Amino acid sequence: MSQKTYQICTRCVMDTSDPDISFDANGQCNHCSDALRRLEQSYMPDARGQEKLEKLVEEMRHAGRGKDYDCLIGLSGGVDSSWLTYKSKEWGLRPLVFHVDAGWNTPVAEQNIQRLISHLGYELHTCTIDWEEMRDLQRAYLYSALANQDVPQDHAFFAVLFHTAAKMGLRYWLSGFNLVSESVLPRAWGYMAMDSRQLKAIHKRFGQRPLRHFPTLSFWDCCKFYNDIPLFPTVKAVTPLHWMPYNPDEAKLVLQREAGWENYGRKHSESRFTKLIQNYYLPTKFGFDIRRAHLSSLIAAGQMTREEALTQLQEPLYEPEELREDTAFVLERLGLTEADWERLMALPNRTFRDYPNRSGMLHAARNVKVFLRRMGIVK
Ligand SMILES: [Zn+2]
């Protein structure tokens, strides 16, 4: 990274590597105030959350009557979805546990999934994305020089889960999204994965083979997903981790002790591709370290001190040998040479605005919910 001087927030560890960051008179950043407001509004690790959770579980059981399952869970092998799957057993739910294999699972992630499923006595359903298409799309994304290189994996994940739940008539999708570890994420550091217009435009420009089987979400799918309109009952994503005490480190210890689960390292390192992107591509090419967002989320949630986070940030992103191994692995899987990689790293950086997108429409679709709520049409 360059020798530029960064201003760091006095409360969390976000800094001016986010070009949109702002600070108040005490040097505290906008991410702190946003995260604290969201936590105050929506994170309820208390009796209020317990009540909401019990009501939700009852609704899911009711919706599942006469069906094989009460809800759907997407299990990635990471801690958030593993913990949710583990808790679903305690809640007496009958989830359809679904794994989307985009071709990058680490052996530890695979093993975690198998051990957890066998410990809970669940059956695992897996959808494997057509690898040739996935590879072509991921190469296209690298040539697009965008920061969010996880879009192909994430879009496939959302699309498969959404369409599976819809096809099976399941009303509830249990999402592992949580405010404890994910309340801070600067908009300048990425772009939403739901935008199939952008995905197809990038593939059209840089891809080499047609996408025949790759699962996508249409604009209408997104509208239905964001807005649970009574006229068009659809799959509803719910986030139970908002309504219970959630500590990812403690969850990992319980999963290790109870299900023989193994720690895979940093957040999102269950995918070897994402690990290389987060720990090398983004800091080297885009000049930001995504650990700052993860650690700042934990600080906002009161689960880490700023000093502990600063100490963790001193740890190298990669040991040289591990970086060589992961780079070689990813390049080989993608059919790229080291010279290709150097060219990709040297491309001028782009943002989502440089390619066709539905950003405005998708934000408007989300805002429709606020309008419908005010009109009393949805709860
Ligand atoms: Zn801050």
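Whatever comes next refers back to the structure up there.
Rules and cut-offs
- Think of each chain on its own: its residues are numbered from 1, step by step along the sequence as written.
- Residue-level local features of this predicted model are given only where pLDDT is at least 70; pairs of side-chain atoms are given and counted only at 80 or more, and the full residue set underlies all totals for whole chains, interfaces and linings.
- Helix numbering and strand numbering both begin at the N terminus, where a helix is a DSSP run of H or I of at least 4 residues and a strand a DSSP run of E of at least 2.
- Backbone-placed C-beta atoms define the burial measure: a residue is buried with 20 or more other C-beta atoms within 10 Å of its own, exposed with 12 or fewer, and partly exposed in between.
- Contacts are defined on C-beta atoms placed from the backbone: any two residues whose C-beta positions lie within 7 Å are in contact.
- Put simply, a nonpolar core is buried Ala, Val, Leu, Ile, Met, Phe, Trp, Tyr and Cys residues tied into one set by C-beta atoms within 7 Å.
- For two strands to be treated as a pair, DSSP must find at least two bridges joining them.
- Crossovers are marked right-handed if the path from the first strand over the helix to the second runs clockwise, as seen with the strands pointing away from the viewer.
- In a helix, the anticipated span is given by 1.5 Å times the number of residues less one.

**Some words on the environment of Thr 274**
So, step 1. Counting through the fold element by element, Thr 274 comes out in helix H11 (residues 272-286).
So, step 2. Residue Thr 274 is classed as buried on the basis of its 23 C-beta neighbours within 10 Å.
So, step 3. Along the primary structure Thr 274 and Asp 289 are separated by 15 residues, whereas in three dimensions their C-alpha atoms are 13 Å apart.

**Here's the deal with the environment of Leu 331**
So, step 1. For Leu 331, the position within the fold is in helix H14 (residues 320-334).
So, step 2. Between the C-alpha atoms of Leu 331 and Trp 220, which are 111 residues apart in sequence, the distance is 36 Å.
So, step 3. Beyond its immediate sequence surroundings of up to four residues, Leu 331 is in contact with Leu 336, Thr 337, Glu 338 and Trp 341.

**Some details on the nonpolar core**
So, step 1. In this structure, Cys 71, Leu 72 and Leu 161 are the most contacted members of the largest nonpolar core, which totals 81 residues.
So, step 2. Ranked by residues supplied to this core, first place goes to helix H6 (residues 151-168) with nine residues.
So, step 3. Once residues within four sequence positions are removed from consideration, Leu 72 is found in contact with Pro 95, Leu 96, Phe 98, Leu 161, Thr 164, Ala 165, Leu 170, Trp 173 and Leu 174.

**What about unusual backbone geometry?**
So, step 1. For Ala 145, which is not glycine, the phi torsion reads 60 degrees and is therefore positive.
So, step 2. For Ala 145, the position within the fold is in the loop between helix H5 (131-144) and H6.

**Considering the pairing of strand S1 (residues 71-74)**
So, step 1. With burial as the criterion, each face of S1 is covered, one bearing Cys 71 and Ile 73 and the other bearing Leu 72 and Gly 74.
So, step 2. Sheet analysis places S1 next to strand S2 (residues 95-101), joined by four bridges and oriented parallel. Across the sheet, Ile 73 pairs through a bridge with Val 97, a residue of S2.
So, step 3. The β-α-β motif built from S1, the intervening helix H3 (residues 79-90) and the parallel element S2 has right-handed crossover chirality.
So, step 4. The pairing of S1 with strand S4 (residues 172-174) spans two bridges and is parallel. Considered in S4, the bridge of Ile 73 is made with Leu 174.

**Concerning the pairing of S2**
So, step 1. Of all seven residues that make up S2, six are buried, and the element is covered over most of its length.
So, step 2. Note that the unit made of S2, helix H4 (residues 107-120) and strand S3 (residues 124-128) has a crossover that is right-handed.

**Concerning H3**
The α-helix winds at 3.6 residues per turn, so residues separated by three or four positions along the chain end up facing the same way.
So, step 1. In this model H3 runs 17 Å from its N-terminal to its C-terminal C-alpha over 12 residues, within 8% of the 16 Å that 1.5 Å per residue would give.
So, step 2. The complete set of buried residues in H3 reads Val 79, Asp 80, Ser 81, Ser 82, Trp 83, Leu 84, Thr 85 and Ser 88.
So, step 3. Residues of H3 that are buried sit in contact with S1, S2, H4, S4 and helix H10 (248-259).
So, step 4. Of the residues flanking the end of H3, it is Gly 92, one or two places downstream, whose phi is positive at about 75 degrees.

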